[in-house]
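Inside the fold
Letter by letter, the chains look like this.
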Amino acid sequence: MATLTRNEAFQLLKEYTKTEHLITHALSVEGVMRHFATLENGDVETWGIVGLLHDLDYDQYPEQHCIKVQEILRERGVDEEIIRAVASHGYGMCCDIKPESQMEKVLYTVDELTGLITACALMRPSRSVLDMEVKSVKKKMKTKGFAAGVNREVILQGAEMLGWELDYVIEHTILGMREVADAIGLKGNL
């Protein structure tokens, strides 16, 4: 089985994803996955590639999300660990592959959370994650109408799956997004 380089994974993402905000979201999740890999002694490259490719099939095959991606990656000889991790983030929504490894559980948890934090950042006067605080995210998380497309249950279930406090997950997701703030357009005007 072949292991993708980060550059190959990014080219693959751009081949299947034309919507700019989906590419930005993939970069956000990649940054957060790399951050958590460092904390969890995971393989930073593998975790990052999983984050980068997690929505690979979403733009072109939204009805087959988390299913079609497995076929695409297998055709390219990508490692099964990556394929399984990418697909598992849709557990209970669009696939039945339950997150089991730490990498899979983190992806499941932070996918939706990066969307919520992005929405929070864009509402700030600074339009940045660099001055984002956990309490601001938690407050917005409780507001049902805010970022209504974000599945809060998944975030909570993921944190529980990991055995982590919600504050810890939010704090480190923000820190991971700060590391890529420029690439994801959330450096703002600070």
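Every value quoted in this text rests on a predicted model; they were computed, and no experiment measured them.

With that out of the way, let us pick up the environment of I155. With respect to the secondary-structure elements, I155 resides in helix 8 (residues 152-162). Between the alpha carbons of I155 and D131 there is a distance of 22 Å; along the sequence they are 24 residues apart. Filtering out sequence-adjacent residues up to four positions away, I155 remains in contact with T109, E112, L113, M141, V150 and L166.

Here the focus is the nonpolar core. In terms of nonpolar packing, the biggest core is built from 57 residues, with M33, L53, L73 and V137 touching the most fellow members. Counting residues per element, this core draws most heavily on helix 6 (residues 102-123), which supplies 10 residues. Sequence-distant contacts of M33, that is, excluding residues within four places in its chain, are made with W47, G48, V50, G51, M103, V106, L107 and V110.

Moving on, we get to the packing of aromatic side chains. Counted by the stated rule, this structure contains two aromatic pairs. Where F36 meets W164, the ring centres are 5.5 Å apart and the plane angle is 15°; that geometry is what we call stacked. Here the residue F36 occupies a position in helix 2 (residues 20-39), and W164 occupies one in the loop between helix 8 and helix 9 (166-179), the gap between them amounting to 128 residues. Residues F36 and W164 agree in their burial class; the two are buried. In this structure W164 comes out as buried when scored by relative accessible area, which is 17%. The rings of F36, W164 and Y168 are connected pair by pair, giving a single aromatic cluster.

Right, let's get into helix 8. Every buried residue belonging to helix 8 is among R152, V154, I155, G158, A159 and L162, and all of these are buried. Along the long axis of helix 8, the arc covered by the buried residues comes to 160°, so they all point the same way. Taken together, the buried residues of helix 8 touch helix 6, helix 7 (134-142) and helix 9. Of the residues flanking the start of helix 8, the one acting as N-cap is N151, its side-chain oxygen 3.0 Å from the backbone nitrogen of E153. One or two residues past the end of helix 8 sits G163, with phi positive at roughly 75°.

Turning our attention to the packing of helix 1 (residues 6-16) against helix 3 (residues 44-53). Closest axis-to-axis distance for the helix 1/helix 3 pair is 10 Å, and the angle between their directions is 5°. The orientation of helix 1 with respect to helix 3, classified from their angle, is roughly parallel. Taking contact as the criterion, the partners of R6, A9, F10, L12 and L13 in helix 1 are, on helix 3, E45, I49, L52 and L53. Tallied by class, the residues present in the contact of helix 1 with helix 3 amount to seven nonpolar, no polar and two charged.

This part covers the pattern of salt bridges. Tallying each qualifying case throughout the model produces 11 salt bridges. The closest approach of N and O atoms between E71 and K68, which form a salt bridge, is 2.8 Å. Taken together, the positions of E71 and K68, both in helix 4 (residues 68-75) and three residues apart, correspond to about one turn of that helix. D131 is the salt-bridge partner of R124, the closest N and O atoms lying 3.2 Å from each other.

Here we come to unusual backbone geometry. A positive phi angle, near 55°, is found at N41, a position not held by glycine. Judged by its relative accessible area of 73%, N41 falls in the exposed class. At C66, a residue that is not glycine, the phi angle is positive and equals roughly 75°. With respect to the element layout, C66 can be found in the loop between helix 3 and helix 4. Its relative accessible area of 0% is what places C66 among the buried residues.

What counts, and where the lines are drawn
Residues numbered from 1 in each chain as written. Predicted model: local features only at pLDDT ≥ 70, side-chain atom pairs only at ≥ 80, totals over all residues. Heavy atoms only, no water. Helix = DSSP H or I, 4+ residues; strand = E, 2+ residues; numbered from the N terminus. Contact = heavy atoms within 4.5 Å. Core = buried A, V, L, I, M, F, W, Y, C linked by side-chain atoms within 4.5 Å. Buried < 20%, exposed > 50% of the residue type's maximum accessible area, 1.4 Å probe, protein only. Phe/Tyr/Trp six-rings, centres within 6.5 Å; stacked < 30°, edge-to-face > 60°. Arc of directions from axis to C-beta. Polar contact = N/O pair within 3.5 Å; in protein donor to acceptor, adjacent residues only side chain to side chain. Axes fitted to C-alpha atoms, helices over the stretch in contact; angles between N-to-C directions. Parallel < 35°, antiparallel > 145°, perpendicular 65-115°, else oblique. Nonpolar A, V, L, I, M, F, W, Y, C, P; charged D, E, K, R; others polar. Salt bridge = Lys/Arg side-chain N within 4 Å of Asp/Glu carboxyl O.

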